[in-house]
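Listed below, chain by chain, are the residues.
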Amino acid sequence: MSAPFDRVITGDVVTSDSIIRDGYVAIRGETIAALGQGAPPPAAETIDHSGKLILPGLVDGHMHTSSSTGWPGIETASRCAAAGGVTTCCDMPYDVPQSVTDAAVLADKIGWVERTSHVDMALYGTIKKTGGVDAIPGLAAGGISAFKLSTYEYDPVRFPRIDHPTMLAAFREIAKTGLPVAIHNEDQELVEMLTARARAEGRIEPIMHCRTRPPLAETMADLEIFEMALETRAHVHIAHSSLARGFEIAETFRGMGGQTTGEACIQYLCMTEDDIVRLAGKGKCNPPFRTAAEVERMWQCLLADKIAYVSTDHAPWPIERKTLPDIFACGAGLTGLQSFAPLMFSLLDERGHSPTLMATYCAERSARLHGLWPKKGAIRVGADADLCVLERGDFVFDEAAIQDRPEMRWSPYHGRRMRARVAATWLRGAQIWDGTTVLAKPGTGRFIRRQTH
Ligand SMILES: [Zn+2]
């Protein structure tokens, strides 16, 4: 008689509401078939992670595999995800050379995910600067998990600013699909004026990145997108708030009947303006790091349940684009996939909070917003057997261990002490990381359609 389960993994099982000490997760095929406490049931294979934490595989709701390298970036960024305990990536649409602006481009990108990814991926879609609204139903039918639009223009083709009338029309159309729309929230005119003035004064040192993108640039954008959310009934989501005020504004608009939410990236829970002075280009991201007092207000928002979820906004640039003497010439974006789980655990543990918050904000909530829950983001019977195993201890994050291509092996967290490391990652019942080596092959990952609307 064959064992009832293919595999049993033992350890302290962390869900969104509790920690099951000396627990187990039993797997049949690709799926969690049982979980419990105490002596594990018979299985063809038993893997002993006693004393370690078994979390749901993280669901990173916001990252960019292909903004600097094009779709080949999927292969290497997803290797970092596997090493970082991230089993589902929700990848942004602003790809080189072509953004995901219609169903045909989406189909091409899905092909790349299925051929090259090491972890599962959901995909965002976007619209062209003009004339793109008609593509919205086709993108939704193609299975994207969310839309992404921007109030700020990085590039008129790849990452355009969507003007107010077009955004309003897009929100109306997106509301019909039931999908959320995430917005890059920075005010174009304010940032352009402040940047031009800084350049004219020869102020190109790192801190000027923060000074030219002040809090008001974010909150003005937050207000305009949420007014349009109220008008159109669309679910409008701040793609990244570096400010507690962004979450407070979202809450205020919810009180008025809006579907308005916001997300924090992990850097806004720990990095400050001092860090961009220290890191220079390697600390440049948009929105920028804020003050230490703002970081504390962000934590108050998280603990008060005002933040939808916590993501990385992983956007790797080759190191030569991050070490230019002019801060304005450096690429905006951090690496963060491989450090996500150790850092989130450390931040929570240093503040005396339970890792259940990590299961909530880095797995369940992001999976729910992207319509992937409970297939993803949960340790529950019937869910995909996606697991992130953390070993507690005293570790130091080393950028040399990053699993991306050599020019992407840099991290703003290089040298930071971590209270955990990712000892193993499991994707749909198969081990994809053993603590030192990525075991998954390109193409192990799958495209995950949005499951619910
Ligand atoms: Zn982003």
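Data block above holds the structure.
Below is a summary of the structure that appears in this document. (Residues numbered from 1 in each chain as written. Predicted model: local features only at pLDDT ≥ 70, side-chain atom pairs only at ≥ 80, totals over all residues. Heavy atoms only, no water.)

### Here's the deal with the coordination of the zinc ion
Around a metal, the perfect tetrahedron of four donors has angles of 109.5 degrees, and the perfect octahedron of six donors has angles of 90 or 180 degrees. In this structure, H62 (NE2), H64 (NE2) and D313 (OD) serve as the protein donors to the zinc ion, at separations of 2.0 to 2.1 Å. The motif formed by the donor residues of the zinc ion, counted along the single chain, is H-x1-H-x248-D. Of the two residues, H62 sits in strand β5 (residues 58-63) while D313 sits in the loop between β13 (310-311) and α11 (340-350), which places them 251 residues apart along the sequence. (Donors = N, O, S within 2.8 Å, 3.2 Å for Na, K, Ca; no water. Helix = DSSP H or I, 4+ residues; strand = E, 2+ residues; numbered from the N terminus.)

### Points about the sheet that holds strand β2 (residues 19-28)
Strands sit in the order β3-β2-β1-β4-β14-β15-β16 across an open sheet of seven strands; the sheet is mixed. Each edge of the open sheet is held by one strand with a lone partner, namely β3 (31-37) and β16 (430-433). With strand direction ignored, the average angle separating the axes of adjacent strands in the sheet is 30°. Pairing geometry for strand β15 (residues 417-427) and β16, over three bridges, is antiparallel. Bridging from a neighbouring strand, W426 pairs with Q431 of β16. Helix α12 (residues 356-369) contacts β1 (5-14), β2, β4 (43-56) and β14 (387-396) of the sheet and is inclined by roughly 95° relative to β4. (Pairing = 2+ DSSP bridges. Axes fitted to C-alpha atoms, helices over the stretch in contact; angles between N-to-C directions. Contact = heavy atoms within 4.5 Å.)

### A look at the pattern of salt bridges
Within this structure, the stated rule accounts for 31 salt bridges. Linking E45 and R7 is a salt bridge whose minimum nitrogen-to-oxygen distance equals 2.8 Å. Placement of the pair is E45 in strand β4 and R7 in strand β1, with a sequence separation of 38 residues. On the accessibility criterion, E45 (35% relative accessible area) is partly exposed. Here E186 and R213 are joined by a salt bridge, their closest N and O atoms 2.9 Å apart. Highlighted residues: E186 in the loop between β9 (180-184) and α5 (188-200) and R213 in the loop between α6 (207-211) and α7 (215-232), separated in sequence by 27 residues. For the pair E186 and R213, a shared accessibility class is recorded, and that class is buried. (Salt bridge = Lys/Arg side-chain N within 4 Å of Asp/Glu carboxyl O. Buried < 20%, exposed > 50% of the residue type's maximum accessible area, 1.4 Å probe, protein only.)

### Here we look at the packing of helix α8 (residues 244-255) against helix α10 (residues 292-303)
Contact pair α8 / α10: the axes reach a minimum separation of 8 Å and the direction vectors enclose 35°. Two secondary-structure elements touch here, α8 through A244, R245, F247 and E248 and α10 through E294, R297, M298 and C301. Across the contact of α8 with α10, the residue classes break down as four nonpolar, no polar and four charged. (Nonpolar A, V, L, I, M, F, W, Y, C, P; charged D, E, K, R; others polar.)

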